[in-house]
Amino acid sequence: MIKTAILEFLFLLVVAGLFFGDLEKLANIDLFVFIEWYKTHPFTIDLWAVLSPVFSTLLFFFSYKLTCVLNKNREVGIDG
């Protein structure tokens, strides 16, 4: 999931650069540095891939709880 997101973001940057940017800047990007980093840090990438859904779930849960606390005294319905 993380790898797909990173690749989609890189593709979006390339497409945006082709449409709106200066093409000479794309000549200076070295993707091999990123690929080598990706190959040397597989545990870090796997850790982020496992922990990101957990963090998202906790964020949604705490957002739900905060919404419940803030709306506790609100009347329910029109006739309420």
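What counts, and where the lines are drawn
Residues numbered from 1 in each chain as written. Predicted model: local features only at pLDDT ≥ 70, side-chain atom pairs only at ≥ 80, totals over all residues. Heavy atoms only, no water. Helix = DSSP H or I, 4+ residues; strand = E, 2+ residues; numbered from the N terminus. Areas by Shrake-Rupley, 256 points an atom, 1.4 Å probe, with all protein chains shown as cover. Buried < 20%, exposed > 50% of the residue type's maximum accessible area, 1.4 Å probe, protein only. pLDDT = per-residue confidence, 0-100. Expected span 1.5 Å × (residues − 1). Bend = angle between axes of the 7 residues up to and from the residue.

1. As for the overall build of the chain
Part 1 of the reasoning: Scanning the chain from N- to C-terminus turns up four helices and zero strands.
Part 2 of the reasoning: Carbon together with sulfur atoms contributes 71% to the accessible area of the chain, which is approximately 7600 Å² in total.

2. Here's the deal with the environment of Leu31
Part 1 of the reasoning: Mapped onto the fold, Leu31 is located in helix H3 (residues 31-40).
Part 2 of the reasoning: Since its relative accessible area comes to 47%, Leu31 is described here as partly exposed.
Part 3 of the reasoning: In sequence terms Leu31 and Leu10 are 21 residues apart; their C-alpha atoms lie 9.8 Å from each other.

3. Notes on the confidence of the model for the chain
Part 1 of the reasoning: Considering every residue of the chain, the mean pLDDT works out to 83; 86% of them sit at 70 or more.
Part 2 of the reasoning: Here helix H2 (residues 23-26) stands out as the element of the chain with the lowest mean pLDDT, 69, in contrast to helix H4 (residues 42-70), whose mean of 91 is the highest.

4. Re H4
Part 1 of the reasoning: Its 29 residues give H4 an end-to-end C-alpha distance of 42 Å, which sits within 8% of 42 Å, the value for a rise of 1.5 Å per residue.
Part 2 of the reasoning: Along H4, the helix axis deviates most sharply at Leu51, where the bend reaches about 30°; the proline Pro53 sits within four residues downstream.

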